[in-house]
Amino acid sequence: MSSTTRRPLMAGNWKMNLNHLEANLLVQKLAASLTEKQLTAVETVVLPPFTDLRTVQTAVDGDKLLIGYGAQDISPHASGAYTGDISGPMLAKLGCTYVVVGHSERRAYHHEDDTVVNAKVKAALTHGLTPILCVGEGLDIREQGTHVAHCSDQLDGGLAGLTPEQVRQVVIAYEPVWAIGTGKTATPDDAQEVCGAVRQRLAERFDQETADQVRVLYGGSVKASNIASIMGQSDVDGGLVGGASLDAEEFAQICRFPEHLAR
Ligand SMILES: O=C[C@H](O)COP(=O)(O)O
């Protein structure tokens, strides 16, 4: 399967931005900025803070918007005495289809290691959510030149104990930490190097069919001005977009990337 048969996915990670009123405005504006044809060609997803999910659900259901949504984190537990956590069944009940797992900000600020990340991937799958498993290296590792091995290790850790059938339901996001929110985008070749290595690792650990089916996103200072060159790479199937997803028109332009490719 080539990149042309994997449906592109653009996921906007709002991080800890926008209250529920602002969320409603952004999701309506985003939907109004994209045609049905564009939304069919490129799967468009927003990942708001937990407190916005019910509002986004109401907007999407009420106006039958062709926009998917999901959460930025998930508890490894289904219920119980876990103060502050949000479970898979709660997210599924809100109509979420995606959940980010192992984002570098969770790994850094909440000390999530591969064991925790793996438990969260499994929790997502158990409750019918598609995990977007993030891998990526810091600047020190990039400078040592061991970034491919580092990302492969994170991939192995996050997917430990899964069957090929389960892995086919996972989305992988390569996010070099040094490119997140810094304005320093990896070059298209940098993105391809690791996204290609991720796919190769999936073939080695699982099978070629699995490797061919899994979508691999790039994230890190994605903007309307650089998305076409990134999406021109054979193993990049979409973007995990932070800052630029907070602006409806900018994110809509990112989602319209096939039109830039065609020029
Ligand atoms: O989840 C998104 C990434 O961390 C990228 O964020 P950014 O687009 O603001 O660099």
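Under an unreviewed UniProt entry, the chain has the name Triosephosphate isomerase and belongs to Micromonospora violae. According to its UniProt record, the chain has this under Catalytic activity (unreviewed entry): "D-glyceraldehyde 3-phosphate = dihydroxyacetone phosphate". Database annotation for the chain, UniProt heading Subcellular location (unreviewed entry): "Cytoplasm".

K.L.:
What is the right way to read the overall build of the chain from this model?
P.N.:
When you go through the chain residue by residue, the secondary structure sums to 14 helices and 8 strands. Computed over its C-alpha atoms, the radius of gyration of the chain comes to 17 Å, within 12% of the 18 Å expected for a compact globule of 263 residues. Across its three principal axes, the chain shows a C-alpha extent of roughly 55 × 45 × 35 Å. The buried share of the chain, reckoned over its 263 residues, is 45%. Contacts spanning at least 24 positions in sequence make up 73% of the contacts within the chain whose residues lie at least 6 apart.

K.L.:
How should I be thinking about the nonpolar core in this particular structure?
P.N.:
For soluble globular proteins, nonpolar side chains are generally found buried alongside one another. In terms of nonpolar packing, the biggest core is built from 72 residues, with A11, V99, V101, I132, I172 and Y174 touching the most fellow members. In this view, I172 contacts L133, V135, L155, V198, V214 and V216; residues no more than four positions away in its chain are not counted.

K.L.:
Hey, could you run me through the site of the ligand in this one?
P.N.:
What surrounds the ligand is a group of 14 residues, the closest being N13, I180, G219, G242 and G243. Per-class residue counts for the shell around the ligand are 5 nonpolar, 8 polar and 1 charged.

K.L.:
Which parts of the structure should I look at to understand helix α13 (residues 248-255)?
P.N.:
Since the α-helix packs 3.6 residues into each turn, any two residues three or four apart lie on the same face. Among all positions of α13, only F251, A252, I254 and C255 are buried. Seen from one end, α13 has its buried residues packed into an arc of 155°, which puts them on one side.

K.L.:
For this particular structure, what's the right way to read the confidence of the model for the chain?
P.N.:
Parts of the prediction with low pLDDT should not have their coordinates interpreted in detail. Looking at the chain, the pLDDT average stands at 96 and 98% of residues meet or exceed 70. Interface confidence in the predicted complex, given as ipTM, is 0.99; pTM for the same model is 0.96.

K.L.:
Sorry if this is basic, but what is going on with the UniProt feature "binding site: substrate" (unreviewed entry) in the chain here?
P.N.:
The residues that UniProt annotates with the feature "binding site: substrate" (unreviewed entry) are N13, W14, K15, G181, S221, G242 and G243. In three dimensions, the annotated residues from a span of 231 residues occupy one location, with a maximal C-alpha spread of 13.8 Å. Take W14: it is sitting in the loop between β1 (9-13) and α1 (20-33). W14 sits in the buried class, given 21 other C-beta atoms within 10 Å. Residue contacts for W14: discarding those within four places in its chain leaves V46, L47, P48, P49, S245 and L246. Here K15 lies in the loop between β1 and α1.

K.L.:
What is the right way to read the sheet that holds strand β8 (residues 238-241) from this model?
P.N.:
Sheets are built from strands that pair by backbone hydrogen bonding, the pairs being arranged parallel or antiparallel. Read around the barrel, 8 strands follow the order β1-β2-β3-β4-β5-β6-β7-β8 and close on themselves; strand pairing throughout is parallel. Going across the sheet, the axis of each strand differs from the next one's by a mean of 25°, ignoring polarity. Pairing of strand β6 (residues 171-174) with strand β7 (residues 216-219) involves 3 bridges; the strand directions are parallel. Counterpart to A173 in the pairing with β7 is L217.

K.L.:
Looking at this structure, I do not really get the pairing of strand β4 (residues 98-101). What am I missing?
P.N.:
Side chains on a regular strand alternate between the two faces of the sheet. On β4, burial covers both faces: Y98 and V100 on one face and V99 and V101 on the other are all buried. In this sheet, β4 lies alongside strand β3 (residues 68-71) in parallel orientation, the contact comprising 2 bridges. Its bridge partner lying in β4, A71 is registered against V99. Taking the sense of rotation as the criterion, the β-α-β connection linking β3, helix α4 (residues 88-93) and β4 turns out right-handed. Bridge analysis of β4 against strand β5 (residues 130-135) gives 4 bridges, and the strand direction is parallel. Across the sheet, Y98 pairs through a bridge with T130, a residue of β5.

Parameters and conventions
- Residues numbered from 1 in each chain as written.
- Predicted model: local features only at pLDDT ≥ 70, side-chain atom pairs only at ≥ 80, totals over all residues.
- UniProt positions renumbered as here; feature names shortened; annotations may be inferred.
- Helix = DSSP H or I, 4+ residues; strand = E, 2+ residues; numbered from the N terminus.
- Rg over C-alpha atoms; globule rule 2.2 N^0.38 Å.
- Buried ≥ 20, exposed ≤ 12 C-beta atoms within 10 Å, placed from the backbone.
- Contact = placed C-beta atoms within 7 Å.
- Core = buried A, V, L, I, M, F, W, Y, C linked by C-beta atoms within 7 Å.
- Near = placed C-beta within 6 Å.
- Nonpolar A, V, L, I, M, F, W, Y, C, P; charged D, E, K, R; others polar.
- Arc of directions from axis to C-beta.
- pLDDT = per-residue confidence, 0-100.
- Pairing = 2+ DSSP bridges.
- Axes fitted to C-alpha atoms, helices over the stretch in contact; angles between N-to-C directions.
- Right-handed = clockwise from strand over helix to strand, strands pointing away.

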